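Coordinate inspection notes
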Amino acid sequence: MSYLMESTKEGQRLILQERANPSSVRLLQAGLCRGQRVADIGCGSGAVIPTMLDIVGNDGSVMGVDMSQERVDEARKLVRGARNAVVQLGALPATGLPDAAFDFTWSQFVFEYLREPDVALRELIRVTRPGGRVAVADIDGHGLAFWPRPAAIEEGIEPFMSALSATGFDFYIGRKLFTLFRKAGLQDVSVHLSSLYISAGADSRLVADYTQRFEVLAPVAIKTFGDERRYRQFADAYLALLADPDALKYAVVLTVVGTRQR
Ligand SMILES: C[S@@+](CC[C@H](N)C(=O)[O-])C[C@H]1O[C@@H](n2cnc3c(N)ncnc32)[C@H](O)[C@@H]1O
């Protein structure tokens, strides 16, 4: 099993993403509250764990799990000193966590990479206590709604998306989660919309983020562009748009929440 965005700089990218657009809004939409025992599945470098700890307080706890040893090491470093946070290695769909151990099980920006999200969801349900909540937050769309739309981007979006889709990446996982939750037998399923970012004008953080994304994805994406030059033209046009003070860019996240049957 491999992670499409894997790179030595991925942990830091996740921290900067969280800093620019905190997950607190999504955690609160999902009903996270004081005293809860939380599992953060696919926790990356632990960027969201400090926010979770703030919400659950001293009586609650957070268990972060990720399939990458590097991310686990980074997350452990980040939460060092917090007596109610633990991070361990584990991978969906078999995390190795005990049955029914958590009040709130969370997975953000992970399902987009999974070929069998239904099987992964069953694992999240298994580790959640009856009556506890399962929440999955993920993208819906290619990550950039924007205006104006330069021709180089229009032409490049299709090969870019098909290259990533061929690896199993699902740009539209967000809209599929509600049905997955219902079919998995979760109750009181609700859906919440939030922004991954809204960038009205030039955004140097997004330029840095997407520069890294295009570098890491190059070996995969170049195949559908036919040659490297065409891919670079697309990536450069995309980065120019992110730096354009007159352009609007935004991306949405759907957070889906359900209760495990008692
Ligand atoms: C985009 S990052 C999101 C990290 C974190 N949830 C956040 O919001 O900052 C996706 C993470 O999921 C992890 N991951 C991908 N597939 C996984 C799997 N099958 N099981 C566990 N972790 C996985 C990756 O190693 C990566 O750290």
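The paragraphs below set out a description of the structure included in this document. (Residues numbered from 1 in each chain as written. Predicted model: local features only at pLDDT ≥ 70, side-chain atom pairs only at ≥ 80, totals over all residues.)

Within the chain, the regular secondary structure consists of 9 helices and 8 strands. Taking 262 residues into account, the globule formula puts the C-alpha radius of gyration at 18 Å, and the chain, at 18 Å, falls close to it. Expressed as lengths along the three principal axes of its C-alpha atoms, the size of the chain is roughly 55 × 40 × 35 Å. Here the chain, with 262 residues, has 40% of them falling under the buried criterion. The contacts of the chain with a sequence gap of at least 6 include a subset with a gap of at least 24, amounting to 79%. (Helix = DSSP H or I, 4+ residues; strand = E, 2+ residues; numbered from the N terminus. Rg over C-alpha atoms; globule rule 2.2 N^0.38 Å. Buried ≥ 20, exposed ≤ 12 C-beta atoms within 10 Å, placed from the backbone. Contact = placed C-beta atoms within 7 Å.)

In the neighbourhood of the ligand, 19 residues make up the surrounding shell, with Gly 42, Gly 44, Met 67, Ala 91 and Leu 92 lying closest. Here the shell around the ligand is built from residues that sort into 12 nonpolar, 4 polar and 3 charged. (Near = placed C-beta within 6 Å. Nonpolar A, V, L, I, M, F, W, Y, C, P; charged D, E, K, R; others polar.)

To continue, consider the packing of helix H1 (residues 10–20) against helix H8 (residues 204–225). At a minimum axis distance of 11 Å, the contact between H1 and H8 shows a crossing angle of 150°. By the angle between their axes, H1 is roughly antiparallel relative to H8. As H1 runs across H8, the sense of the crossing is left-handed. Along the contact surface, H1 presents Arg 13, Leu 16, Gln 17 and Ala 20, while H8 presents Arg 205, Asp 209 and Gln 212. When its residues are assigned to classes, the contact of H1 with H8 shows 2 nonpolar, 2 polar and 3 charged. (Axes fitted to C-alpha atoms, helices over the stretch in contact; angles between N-to-C directions. Parallel < 35°, antiparallel > 145°, perpendicular 65-115°, else oblique. Left-handed = near helix turned anticlockwise from the far one by under 90°.)

What follows concerns the packing of H8 against helix H9 (residues 228–242). At a closest axis distance of 9 Å, the pairing of H8 and H9 adopts a crossing angle of 155°. What the angle tells us is that H8 and H9 run roughly antiparallel. Between H8 and H9 the crossing geometry is right-handed. From H8, Leu 206, Val 207, Tyr 210, Thr 211, Phe 214, Ala 218, Ala 221, Ile 222 and Phe 225 reach across to H9, where they touch Glu 228, Arg 230, Tyr 231, Phe 234, Ala 235, Tyr 238, Leu 239 and Leu 242. Here the residues of the contact of H8 with H9 sort into 14 nonpolar, 1 polar and 2 charged.

Now for the pairing of strand S3 (residues 85–89). Strand direction decides the pairing type here: strand S2 (residues 61–66) and S3, joined by 5 bridges, are parallel. In the strand pairing of S3, Val 65 is matched with Gln 88. (Pairing = 2+ DSSP bridges.)

Soluble globular proteins: nonpolar side chains tend toward being buried together. Of all hydrophobic cores here, the largest spans 51 residues; its most connected members are Val 38, Ala 39, Ile 49, Met 52 and Ala 135. Of all hydrophobic cores here, the second largest spans 12 residues; its members include Leu 206, Phe 225, Tyr 231 and Tyr 238. (Core = buried A, V, L, I, M, F, W, Y, C linked by C-beta atoms within 7 Å.)

Okay, the environment of Cys 33 next. Within the secondary structure, Cys 33 sits in the loop between helix H2 (24–29) and strand S1 (37–41). Owing to 15 C-beta atoms within 10 Å, Cys 33 belongs among the partly exposed residues under this scheme. Note: C-alpha distance between Cys 33 and Trp 147 (114 residues apart in sequence) is 38 Å.

This next bit is on the environment of Val 136. Assignment of secondary structure puts Val 136 in strand S5 (residues 128–139). For the pair Val 136 and Val 79, spaced 57 residues apart in sequence, the C-alpha to C-alpha distance is 22 Å.

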